[in-house]
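Next come the chains, spelled out residue by residue.
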Amino acid sequence: MTAPAKTIPIVRAEPSRAFEFISTKKDELIGWARKFSLFPYPFVTACCAMEFMAVSSTPYDTDRFGAALPRFSPRQSDLLMVVGTITHKQAPVLLKVYEQMCEPKWVMAFGACATSGGFYQNYAALDGIDKIIPVDVYIPGCPPRPETVIDGIMQLQERIARQQHPILTKEF
Amino acid sequence: MSDVLARVQAEMAAAAPDAALSHGVLVLPVAPAQLLEVVKRLKTGFGFDLFLDVTAVDWPGAPLRFEVVYHFYSTRDFVRVRVKTRVAEQDPTVDSLVPLYNSARFMERECHDMYGIVFRGNADLRPILLYEGFVGHPLRKDYPKRKEQPLVPYREGGS
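Residues numbered from 1 in each chain as written. Chains lettered and ligands numbered in written order. Predicted model: local features only at pLDDT ≥ 70, side-chain atom pairs only at ≥ 80, totals over all residues. Heavy atoms only, no water.

**Q** It is not clear to me how the sheet that holds strand β3 (residues 50–58) of chain B should be interpreted in this structure. Could you clarify?
**A** Adjacent strands of a sheet pair through backbone hydrogen bonds, lying either parallel or antiparallel. All names here are of chain B. A sheet is described by the order of its strands in space; here 5 strands give the open sequence β1-β2-β5-β4-β3, paired in mixed fashion. Only two strands of the sheet have a single neighbouring strand rather than two, namely β1 (20–22) and β3. With direction set aside, neighbouring strand axes in the sheet form an average angle of 25 degrees. Pairing of β1 with strand β2 (residues 25–30), which is carried by 3 bridges, proceeds in the antiparallel orientation. (Pairing = 2+ DSSP bridges. Helix = DSSP H or I, 4+ residues; strand = E, 2+ residues; numbered from the N terminus. Axes fitted to C-alpha atoms, helices over the stretch in contact; angles between N-to-C directions.)

Have a look at this one:
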């Protein structure tokens, strides 16, 4: 007697509908996309530049946050990183760069000098870039540790994710 | 004192009787009228071919308020001299060294920015570190420490 051959039953599975659609909110979706595709414009004026180079290159690598590709044209960037002391003589240049950036745009004050003027309290230095342009995130330190910068980028990302993102004009 | 500096001191005794050595640098206090002549002699006669710097010192209350200080270096003998001259607040004018050293052009502009010293013979005394429209001379002792002259109007409120 031989045992009857085992047959594998053919099961006709229902087609999976797992990724047919997702439901989300427009602001969440666009915020999620935008927060990982920050194009920084490094407005680098002083010694904080060394720290900026350190944080954007290999060991710390801001590319992990989608914020590594510097655009050297304000028209192509959406994150203005003000890295270093801004003097009164330079303030009109900074304002012009800010005004040339397209919406949406965010500003990061990198280091003590951009935040508050740092230890410069004299005829030459602007005490804080928020005197002339709005700032989204301040990074303390003279210069800031790379961890502080990364924390600042993450806080900015959270802020972007929570923002409203109008993409259509009122007339549409 | 090196031989060169000793010779400079001996030969400049008429123009700078109070010459003395200070930290290896020969200091020559001269009258403003003799400045150009002394520097010309240093350059042509003693090989001080490198003009290092010109700056000023503000002595508030002194009858001759500003002391204009020059440094020269000899690339042949590796020695330095410092030439000082005093001018009054009412007429802070000294002769420009541009006919002797082209590099004096920008350094005199900076000194004019910061202290308001007028260099007779330097045709271009526009602001070089400061900006057009800046009132006063910030490194003078009577410039207010916290006085700022912003070019961009400040925003209302904070961020």
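**Q** Teacher, can you tell me more about the interface of chain A and chain B here?
**A** Frequently, the measure chosen for interface size is the accessible area that the parts lose on association. Each partner contributes to the interface: chain A provides 18 residues, whereas chain B provides 21 residues. The contact between chain A and chain B buries some 1500 Å² in all, and 59% of this surface belongs to carbon and sulfur atoms. Sorting the residues of chain A by area buried against chain B places H88, K89 and Y123 of chain A first, and these three jointly supply 46% of that buried surface. Our enumeration of links across chain A and chain B arrives at 0 salt bridges. (Contact = heavy atoms within 4.5 Å. Buried area = accessible area lost by both parts, 1.4 Å probe. Salt bridge = Lys/Arg side-chain N within 4 Å of Asp/Glu carboxyl O.)

**Q** Teacher, can you tell me more about the nonpolar core here?
**A** One recurring pattern in soluble globular proteins: nonpolar side chains tend to sit buried together. Core analysis: the largest hydrophobic core is formed by 44 residues, its most contacted members being L42, Y70, F72 and I117 of chain B. Elements with a contribution of two residues or more to this core: α1 (3–11), β2, α2 (35–46), β3, β4 (66–74), β5 (79–87) and α3 (104–115) of chain B. For L42 of chain B, the contacting residues outside a window of four places in its chain are V8, M12, L28, G47, F48, F72, V81 and V83 of chain B. One finds V82, L95, V107 and I133 of chain A within the second-largest nonpolar core, a separate group that totals 20 residues. (Core = buried A, V, L, I, M, F, W, Y, C linked by side-chain atoms within 4.5 Å. Buried < 20%, exposed > 50% of the residue type's maximum accessible area, 1.4 Å probe, protein only.)

**Q** Help me understand the pattern of salt bridges, please; the structure alone is not making it clear to me.
**A** Side-chain pairs of opposite charge can arise whenever the charged atoms involved come near each other. All names here are of chain A. Taken as a whole and assessed by the stated rule, the structure comprises 13 salt bridges over all chains. D136 is paired through a salt bridge with R159; the nearest N and O atoms lie 3.2 Å apart. On the criterion of sequence distance, the pair formed by D136 in the loop between α4 (112–116) and β4 (137–139) and R159 in helix α5 (residues 146–162) is long-range, its members being 23 residues apart. A relative accessible area of 19% places D136 in the buried class.

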